[in-house]
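# Observations on the three-dimensional arrangement
Residues per chain, in single letters:
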Amino acid sequence: MKLSDLYWHRVTPLHLLLWPLSLLFNLFLNIRKLCYWLDFFPSVKLPVPVIVVDSITTDDGGKTPFVSWLIRTLLARGLCPGIVTQGGPDHSGQPEAVSNLNSQTRIRSKALLLAKRFEHACPVWVGNNVADVAQALLQAHPDCNVIICTFGLQYPRLERDFEIAVADFDESSFGNGLLLPAGPLRASLKRLRSVDAVVINSSRKLHFDTDDWAPTYPMKLVGDTVYNLSKSEVRHPVSILKDQTLQAVTTYGNAQWLANQLQHHGLKGKLQAVADDHRFVEKDFSSIQAEVIIMLEEEAIQCREFVTDKVWALPVEAWVNGEMQARVLNMLREKFADSDVLNELTCPNCKCPLRHLEQENSLICDQEQLTFPIKDGIPVLQLQDSGKLAA
């Protein structure tokens, strides 16, 4: 059992002593939100739609697989999203682009995973201030027409168009129901009433009354394929590892889920769990005698510099209710119905501003003489879908 489970899921005299600090923390959040609402503090409004995806607890809740699903959904509709996320504990906090070459000691593995998955599809930037990072990303990539923030639900400085809260009820992520530091909550459960959607990662019957929450949508996390780190471009079904001696290596927070997946696929072997903030190094694997070492993809990418053909990565994918996709796309249609927003979009090729032709329902790049269609209310800015203007 994790140390956090022993602490977050109980109420002890220590929690009672910390409870006044939790009340002060909640008061601080409400006062700050009110100050931005009253315009005492200036907020930042971007010229493109902003979607915030976050958890209200210290647990991730399956946020990263959901963001991957969301990015693929937007790319399939011809949009050009950009991702804003947090850096590592040793990161300076200043806005910075993430690439596969970034040092793992400065960048969180979740950010490296998103950069690896969408290296040529959308930029990933990290930093501590979500508004500053989003502005820096747009300045470097003016062709991005949707910003996805994987943190910032409790930071109102950046104005957003859609808020999605992700919760993992399988792990009882709400714990004792108290706010930090007495509990795992970073915002009150009442916050789930004001978001636009709640994505629930759970296969169990919920013991929470969600009637007054925002609309809820189920999500399931699956791991059906693996790849060898030395040949990351080739995917195999998990069953390829069935007849080999195996050892799974992961963090405490992911240990139960990984064990369930291996059991589901009929794989047997040892399971080694390390601290949630552990940074994997080569000596972690020097004493492992198994033929195969299997790790979750977000943790396995930390081992690229000393990889051997023994290490296999298990990608985690999200299966999300189709109504969630329709909800997000409807929001984007409403946002792009504003001609001012369309006129702020730029060409993905030359980065020049696009001109909206309302009668032809398209966007024009005068510099490159390209036309981009608007299909079902959403501009398709992928170059392969554009066409040359008639002479």
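We now turn to the structure provided with this report. (Residues numbered from 1 in each chain as written. Predicted model: local features only at pLDDT ≥ 70, side-chain atom pairs only at ≥ 80, totals over all residues. Heavy atoms only, no water.)

Okay, the sheet that holds strand β13 (residues 292-296) next. Spatially, the 6 strands line up as an open sheet ordered β10-β9-β14-β13-β11-β12, and their pairing is mixed. The sheet terminates laterally at β10 (236-237) and β12 (269-274), the two strands that pair on one side only. Relative to β13, strand β11 (residues 246-251) runs parallel, the two sharing 3 bridges. Opposite Ala248, over in β13, you have Ile294 as the bridge partner. Sheet strands in contact with helix α7 (residues 252-264) are β11, β12, β13 and β14 (311-314), and its direction is about 145° off that of β11. (Pairing = 2+ DSSP bridges. Helix = DSSP H or I, 4+ residues; strand = E, 2+ residues; numbered from the N terminus. Contact = heavy atoms within 4.5 Å. Axes fitted to C-alpha atoms, helices over the stretch in contact; angles between N-to-C directions.)

Next up on the list: the layout of surface pockets. Put simply, the second largest pocket is a space of about 580 Å³. Considering the residues around the second largest pocket, the lining is formed by 21 residues, among which Lys33, Leu153, Pro156, Glu163 and Arg191 are closest to the centre. Those elements giving two or more residues to the lining of the second largest pocket turn out to be α2 (13-37) and α6 (191-194). Grouping the constituent residues of the lining of the second largest pocket by class yields 8 nonpolar, 6 polar and 7 charged. (1 Å grid on protein atoms, 1.4 Å probe; cavity = no way out; pocket = protein on both sides within 12 Å on 5 of 7 lines; lining within 4 Å. Points joined across faces, edges and corners; volume = space filled by probe spheres on them. Nonpolar A, V, L, I, M, F, W, Y, C, P; charged D, E, K, R; others polar.)

Turning our eyes to something else, we now look at the pattern of salt bridges. What the rule picks out here adds up to 17 salt bridges. Among the salt bridges present, the one from Arg355 reaches Asp366, with a minimum N-O distance of 2.7 Å. Linking Arg355 in strand β16 (residues 355-357) with Asp366 in the loop between β17 (362-365) and β18 (370-375), this pair joins segments that are 11 residues apart in sequence. Residues joined by salt bridges that share partners form a network here, namely Arg72, Lys116, Arg117, Glu297 and Glu317. (Salt bridge = Lys/Arg side-chain N within 4 Å of Asp/Glu carboxyl O.)

Within the largest apolar cluster, 102 residues are counted, with the highest numbers of intra-cluster contacts made by Ile51, Phe66, Ile147, Ile164 and Met324. Sequence-distant contacts of Ile164, that is, excluding residues within four places in its chain, are made with Ile51, Val52, Val53, Asp54, Phe66, Ala197, Val199, Met324 and Val328. Core analysis: the second largest hydrophobic core is formed by 15 residues, Ile288, Met295, Phe306 and Val311 among them. (Core = buried A, V, L, I, M, F, W, Y, C linked by side-chain atoms within 4.5 Å. Buried < 20%, exposed > 50% of the residue type's maximum accessible area, 1.4 Å probe, protein only.)

Here we take up the packing of helix α3 (residues 63-76) against helix α4 (residues 109-117). Packing of α3 against α4 leaves a shortest axis separation of 11 Å and a crossing angle of 25°. The angle between α3 and α4 places the two elements in the roughly parallel class. Handedness of the crossing formed by α3 with α4: right-handed. Of the residues in α4, those touching α3 at Thr64, Val67, Ser68 and Arg72 are Lys110, Leu113, Leu114 and Arg117. (Parallel < 35°, antiparallel > 145°, perpendicular 65-115°, else oblique. Left-handed = near helix turned anticlockwise from the far one by under 90°.)

To continue, consider the packing of α3 against helix α9 (residues 322-336). The description of two packed helices rests on the angle between their axes and on the distance between the axes. Between α3 and α9, the least distance of the axes is 11 Å, while the angle of their chain directions is 55°. Put simply, α3 runs oblique to α9. Seen from above, α3 lies across α9 with right-handed handedness. Contacts between α3 and α9 pair Phe66, Trp69, Leu70, Thr73 and Leu74 from the former with Met324, Gln325, Val328 and Leu332 from the latter. When grouped by side-chain class, the residues that make up the contact of α3 with α9 number 7 nonpolar, 2 polar and no charged.

What follows deals with α2. With 25 residues, α2 extends 37 Å from end C-alpha to end C-alpha; this agrees with the ideal 36 Å at 1.5 Å per step. The sharpest bend along α2 comes to roughly 35°, located at Trp19, with the proline Pro20 sitting one to four residues further on. Among all positions in α2, only His15, Leu18, Ser22, Leu29, Arg32, Cys35 and Tyr36 are buried. At the exit of α2 stands Asp39, carrying a positive phi of roughly 65°. (Expected span 1.5 Å × (residues − 1). Bend = angle between axes of the 7 residues up to and from the residue.)

Turning next to the pairing of strand β15 (residues 317-320). The side chains of a regular strand alternate, residue by residue, between the two faces of the sheet. Of the two faces of β15, only one is covered, namely that formed by Ala318 and Val320; the face formed by Glu317 and Trp319 stays uncovered. One ladder, built from 4 bridges, connects strand β8 (residues 216-222) with β15; its direction is antiparallel. When the sheet's bridge partners are listed, Met219 is paired in β15 with Val320.

Moving on: unusual backbone geometry. Glycine aside, negative phi is the norm for most residues, and most peptide bonds take the trans geometry. Of note, the amide linkage connecting Leu180 to Pro181 takes the cis form, showing an omega dihedral of 5°. Take Pro181: it is sitting in the loop between β6 (162-168) and α6. For Asn361, which is not glycine, the phi dihedral falls at a positive 50°. What makes Asn361 partly exposed here is its relative accessible area of 39%. A positive phi is found at Asp376, a non-glycine position, where the angle reads about 55°. Considering the arrangement of structural elements, one finds Asp376 in the loop between β18 and β19 (378-379).

Within the element layout of this structure, Asn228 appears in strand β9 (residues 225-228). For Asn228, a relative accessible area of 7% puts it in the buried group. For Asn228, the side chain forms a polar contact with the main-chain oxygen of Asp309, separated by 2.6 Å. Apart from residues no more than four positions distant in its own chain, Asn228 is found in contact with Thr308, Asp309, Val311 and Trp312. (Polar contact = N/O pair within 3.5 Å; in protein donor to acceptor, adjacent residues only side chain to side chain.)

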